[in-house]
Amino acid sequence: MSKKALITGITGQDGAYLSKLLLEKGYKVYGAFRRTSDLHINRLKFLGVADDIEYVPVELLEFTNIHRTVEKYEPDEIYNLGAQSFVALSFEQPVFTADVTGLGPLRVLEAIKDVNPAIRFYQASSSEMFGKAAETPQNEKTPFYPRSPYAIAKLFAHWMTVNYRESYGLYACSGILFNHESPLRGVEFVTKKITQSVARVKLGLQKSISLGNLDARRDWGYAPEYVEAIWLMLQQKNPRDYVIATGETHSVREFVEKSFAEIGVRIKWSGKGVKEKGVDKATGKTLVSVNPKFFRPAEVDILKGDCSKAKKELRWSPKTSFGELIGIMVKHDLDVISKGL
Ligand code: NAP
Ligand code: GDD
């Protein structure tokens, strides 16, 4: 009999890629979505899996709803990907973020404990939990120092996952995933904002792009590969937590330069701080400027992961390079924008 998986956050980037992966593996997939005026399943449609999923309304703020869903659909595995996932917004909406991103997973864990402790649980934890990191690269033993309401909420959920595993014997795993991107990435995140803008500049639809901290460094991987690691975590003999990362770190500035290089533009930087500009070396036109409105009250300066444990125990390793990732994203954006999609 095929396994049954319940995925919260089905409409998001990872929800889409994970659904596709699980469907290919023969799973019955229940897609938990929060009710809005429109069921936005565009990512699932893009991957050609929208019709193969059974949609279930699940609100992470509502315990009774989660409990009934777990009881009714009897999943073998629950992947909790749902969250208020935008770090910048968490400074504006800290209480909401704490509730959805922090308490949401606890509600799911409680439902599992109550309904069927044999259900396997995955929690989408984050490299943001390392924050002002005590060491580089970061691994499963690196101390946490969260720098945003989002990261603090994720840390709460991380420790709850560990606690329910240790207290009640649940098969519960926390995947500490570093940034992972794709053509399906939300437009508010810096990578997609850059690649989409670069495509629009190339097509004459936009003159320039406004960004915040150009010097922040992230470990950016390719989302379709990261959902494989997520699935692998729930297929082991024993539940454990894993860092998933590429082991490379790059600045936002490098991301900008490489994205423009994809359309044959070389960027020359001048000025400092909020006065800094990126100009087209050939034409002198300003293509990049800095706007302090995109700065965060507290920043995470550098993230770089060490995924040795996942390599050894899950036999997972990243494949797509930083340059290839940017190439995939810019090409996709050029393609869909030029077709008016
Ligand atoms: P995403 O694209 O922003 O998707 C987030 C999902 O959560 C969406 O489906 C969203 O639904 C859903 N959601 C939000 N609030 C909800 C609520 N109250 N009840 C139920 N569902 C709710 O995020 P992602 O990039 O796929 O990331 C998946 C998970 O991994 C998130 O938990 C994120 O924090 C975590 N994570 C991501 C990364 C990364 O680099 N992508 C790295 C580490 C950890 P709507 O479509 O209705 O908004
Ligand atoms: N979003 C955004 N927009 N970020 C900018 C901008 C801008 O205009 N300019 C500079 N940045 C910087 C941010 O200050 C941050 O240092 C970096 O770019 C990355 O920002 P995001 O792409 O918004 O991602 P994030 O690293 O804050 O969070 C993502 O990764 C986490 C894993 O480490 C999200 O996917 C989180 O949900 C995830 O947990």
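Treat the numbers as computed from the prediction; the structure is a model and nothing was measured. (Residues numbered from 1 in each chain as written. Chains lettered and ligands numbered in written order. Predicted model: local features only at pLDDT ≥ 70, side-chain atom pairs only at ≥ 80, totals over all residues. Heavy atoms only, no water.)

Q: It is not clear to me how the sheet that holds strand S3 (residues 54-57) should be interpreted in this structure. Could you clarify?
A: Whenever strands of a sheet pair, they do so through backbone hydrogen bonds, lying parallel or antiparallel. The sheet built from seven strands is open, its strands ordered S3-S2-S1-S4-S5-S6-S11 with parallel pairing. Both outer strands of the open sheet, S3 and strand S11 (242-244), are each paired with one neighbouring strand and no more. Here the average twist between neighbouring strands, direction ignored, is 25°. Across the sheet, helix H1 (residues 13-24) lies against strand S1 (4-8), strand S2 (28-33) and strand S4 (77-80), angled at about 175° from S1, the strand it touches most. Contacting S4, strand S5 (120-126), strand S6 (172-177) and S11, helix H8 (residues 223-233) runs over the sheet at an angle of about 160° to S6. (Pairing = 2+ DSSP bridges. Helix = DSSP H or I, 4+ residues; strand = E, 2+ residues; numbered from the N terminus. Axes fitted to C-alpha atoms, helices over the stretch in contact; angles between N-to-C directions. Contact = heavy atoms within 4.5 Å.)

Q: Help me understand the sheet that holds strand S13 (residues 267-270), please; the structure alone is not making it clear to me.
A: Pairing is mixed in the open sheet, where four strands are placed in the order S8-S15-S14-S13. The two strands at the open ends of the sheet, each matched to only one other strand, are strand S8 (209-211) and S13. The average undirected angle you get between the axes of adjacent strands in this sheet is 20°. Note: S8 against strand S15 (residues 286-290), three bridges, orientation parallel. For Leu211, the partnering residue across the bridge sits in S15 and is Val290. This element, helix H9 (residues 252-261), spans S8, S13 and S15 of the sheet and lies at about 145° to S13.

Q: Whenever I open this one, the pairing of S6 confuses me. Can you help?
A: Look at any regular strand and the pattern is simple: side chains alternate between the two faces of the sheet. Counting buried residues in S6 gives six out of six residues, a clear majority hidden from the surface. Side chains Ala172, Ser174 and Ile176 project from S6 onto one buried face, and the interleaved Cys173, Gly175 and Leu177 project onto a second face that is buried too. Assessed by its sense of winding, the connection that carries the chain from S5 through helix H6 (residues 149-168) to S6 is right-handed. Pairing between S6 and S11: three bridges, direction parallel. If you follow Leu177 over to S11, its bridge partner there is Ile244. (Buried < 20%, exposed > 50% of the residue type's maximum accessible area, 1.4 Å probe, protein only. Right-handed = clockwise from strand over helix to strand, strands pointing away.)

Q: Before we go on, may I ask you to explain the site of ligand 1 in this structure?
A: The environment of ligand 1 is formed by 26 residues, the closest being Thr11, His40, Glu59, Ser85 and Tyr150. Interatomic distance of 3.1 Å between a backbone N/O atom of Leu60 and a nitrogen atom of ligand 1. Separating an oxygen atom of ligand 1 from a side-chain N or O atom of Tyr150 is a distance of 2.6 Å. About the coverage of ligand 1: the protein hides 90% of its 900 Å² of free accessible area. (Near = heavy atom within 4 Å. Polar contact = N/O pair within 3.5 Å; in protein donor to acceptor, adjacent residues only side chain to side chain. Areas by Shrake-Rupley, 256 points an atom, 1.4 Å probe, with all protein chains shown as cover.)

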